[in-house]
Amino acid sequence: MSDFSLPQAPLQRLDLSWLRHAGIEAAVLRLDLIDPLISGNKWFKLRHHLLQARKADAPGLISLGGNHSNHLHALATAGKRFGFATAGLLRGHPRETPTVQDLRALGMEMHWLGFGGYRNRHEPGFWEPWQARYPGWHCIPEGGGGQAGAQGCGLIVAQCRAQLATLGWTDYDAWWLAAGTGTTLAGMVLEEAGRHVVHGALAVPLDHGVPETVAALAGAHGYQLHDASRGGFARIDDALLAFIADTERQTSMPLEALYTGKALLALRDQVEAGRFVPGTRLVFLHTGGLQGRRGYL
Ligand SMILES: *Cc1c(COP(=O)(O)O)cnc(C)c1O
């Protein structure tokens with residue numbers, strides 16, 4: 001496992017009443033099933049960071065996140081599995097959540113930065129004291145973003161392509177996935193190189209910098225972004241929870257509320273509004289994140 005290779009995520013048919021009514025054929029690539037601990041897309045985003053850290057002989061990995069962070073959870077798990085120490089810089093004040101308990105059990109050293117301290121993470125010089133405290137450790141941007149993060153996500157497209165025949169498909173028309181920073185989407189856009197449109201359903205409002213991040217990593221073409229945030233990143237409303245419950249009833253596929261639930265609900269709204277012609281073949285990407293939902297569902 002020294003190349004940090006990734007398990008294959010299963011590609012399954014996605015059969016939902018509102019897709020059937022619109023004549024849309026859909027599949028789902030289940031990144032939530034690749035590993036019981038390392039959550040979904042974060043594994044793909046970490047791969048090139050792990051390769052860089054191994055190449056540099058870094059003794060450890062250090063990154064940032066909140067107290068339900070899927071990214072820190074994946075990082076702590078990968079560190080433990082592949083022999084890197086890990087340190088996490090957390091937003092806010094010490095709070096026990098299921099995620100934080102896992103991070104500790106996985107051996108991650110945690111530092112709580114407060115809210116103001118966390119806001120400074122983009123300031124020049126932010127990393128200096130941490131690099132002094134953890135010499136030679138590999139620093140990973142928030143959420144596993146940046147070019148190294150995007151690079152690993154090309155494999156998501158390759159995993160889908162390799163399994164199309166199992167559905168009796170030779171091709172598909174477009175991707176639909178949740179976007180937070182847009183890093184996963186950017187990596188997929190680069191890999192698709194214009195062959196299929198990648199639709200990003202944004203978990204944050206459109207004015208939070210995601211279009212700029214995606215443009216910087218992947219250019220201007222090959223994707224469309226939609227606001228799926230329902231008023232804000234952490235906002236959860238009853239219609240969303242009812243939709244998640246209904247989807248789980250119809251498919252037995254679990255969703256969480258912040259990313260995958262909102263993304264699929266935004267797709268339903270677009271399908272019902274007639275955005276896709278009958279006969280369209282869509283691949284929904286299940287980006288995982290289910291560990292985080294212990295905190296709020
Ligand atoms: C982090 C995360 C995303 C967003 O990924 P980005 O690369 O930041 O856009 C989507 N879904 C889930 C479940 C996540 O944990």
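As the structure is a prediction and not an experimental result, all values here were calculated from the model.

A. Just the pairing of strand 7 (residues 174–179), in detail. Counting buried positions over the six residues of strand 7 gives six, a clear majority of the element. Residues Ala174, Trp176 and Ala178 line one face of strand 7 and the alternating positions Trp175, Leu177 and Ala179 line the opposite face, and both faces are buried. Of the strand pairs in this sheet, strand 7 and strand 8 (residues 197–202) are connected by six bridges, and their pairing is parallel. Its bridge partner lying in strand 8, Ala174 is registered against Val197. Since strand 7 and strand 8 lie parallel, the crossover through helix 8 (residues 183–192) that links them has a hand, and here it is right-handed. Both strand 7 and strand 10 (residues 281–286) contribute to a ladder of four bridges, which runs parallel. Paired with Trp175 across the strands is Val283, a residue of strand 10.

B. Representation of the packing of helix 2 (residues 41–55) against helix 3 (residues 70–82) within the structure. It is the contact of helix 2 with helix 3, at a shortest axis distance of 10 Å, that shows an interaxial angle of 45°. As far as their axial angle goes, helix 3 and helix 2 are oblique. Of the two elements, helix 2 crosses helix 3, and the hand of that crossing is right-handed. Counted together, Lys42, Trp43, Leu46, Leu50 and Arg54 of helix 2 and Asn70, His71, Ala74, Leu75, Ala78 and Phe82 of helix 3 form the full contact between these two elements. Taken together, the residues of the contact of helix 2 with helix 3 break down into seven nonpolar, two polar and two charged.

C. Spatial organisation of the UniProt feature "modified residue: N6-(pyridoxal phosphate)lysine" (unreviewed entry) in the protein chain. When the UniProt feature table is mapped onto this chain, "modified residue: N6-(pyridoxal phosphate)lysine" (unreviewed entry) is found at Lys42. Within the secondary structure layout, Lys42 lies in helix 2. Judged by its relative accessible area of 10%, Lys42 falls in the buried class. When near neighbours in sequence (up to four residues on either side) are disregarded, Lys42 contacts Asn70, His71, Ala74 and Gly143.

D. Molecular detail of the domain arrangement of the protein chain. Looking at the protein chain, the domain boundaries give domain 1 (2–40 + 146–295) and domain 2 (41–143). Measuring from the centre of the C-alpha atoms in domain 1 to the corresponding centre in domain 2 gives 25 Å. At the junction of the two partners, domain 1 supplies 31 residues and domain 2 supplies 25 residues. Summing both partners gives a buried area of about 2600 Å² for domain 1 against domain 2, and 62% of it is carried by carbon and sulfur. One salt bridge connects Arg294 with Asp102, and the closest N-O pair in it is separated by 3.0 Å. Between the two partners, domain 1 and domain 2, sit eleven residue pairs in polar contact (both at pLDDT 80 or more). Among the secondary structure elements, those contributing two or more residues to the side of domain 1 that touches domain 2 are helix 7 (146–161) and helix 8. Looking at which element gives the most residues to the side of domain 1 that touches domain 2, the answer is helix 7, with eight residues.

E. Here's a closer look at the pairing of strand 3 (residues 60–65). Of all six residues making up strand 3, six are buried, and the element is well covered by its neighbours. Residues Gly60, Ile62 and Leu64 point to one face of strand 3 and Leu61, Ser63 and Gly65 to the other, with burial holding for every one of them. Inspection of the sheet shows strand 3 paired to strand 4 (residues 85–90) by six bridges, in the parallel sense. If you follow Gly60 over to strand 4, its bridge partner there is Ala85. Assessed by its sense of winding, the connection that carries the chain from strand 3 through helix 3 to strand 4 is right-handed. Relative to strand 6 (residues 138–139), strand 3 is paired through two bridges, and the arrangement is parallel. Paired with Ile62 across the strands is Cys139, a residue of strand 6.

Quick notes on the rules
Residues numbered from 1 in each chain as written. Predicted model: local features only at pLDDT ≥ 70, side-chain atom pairs only at ≥ 80, totals over all residues. Heavy atoms only, no water. Buried < 20%, exposed > 50% of the residue type's maximum accessible area, 1.4 Å probe, protein only. Helix = DSSP H or I, 4+ residues; strand = E, 2+ residues; numbered from the N terminus. Pairing = 2+ DSSP bridges. Right-handed = clockwise from strand over helix to strand, strands pointing away. Axes fitted to C-alpha atoms, helices over the stretch in contact; angles between N-to-C directions. Parallel < 35°, antiparallel > 145°, perpendicular 65-115°, else oblique. Left-handed = near helix turned anticlockwise from the far one by under 90°. Contact = heavy atoms within 4.5 Å. Nonpolar A, V, L, I, M, F, W, Y, C, P; charged D, E, K, R; others polar. UniProt positions renumbered as here; feature names shortened; annotations may be inferred. Domains from an automatic or database assignment. Buried area = accessible area lost by both parts, 1.4 Å probe. Salt bridge = Lys/Arg side-chain N within 4 Å of Asp/Glu carboxyl O. Polar contact = N/O pair within 3.5 Å; in protein donor to acceptor, adjacent residues only side chain to side chain.

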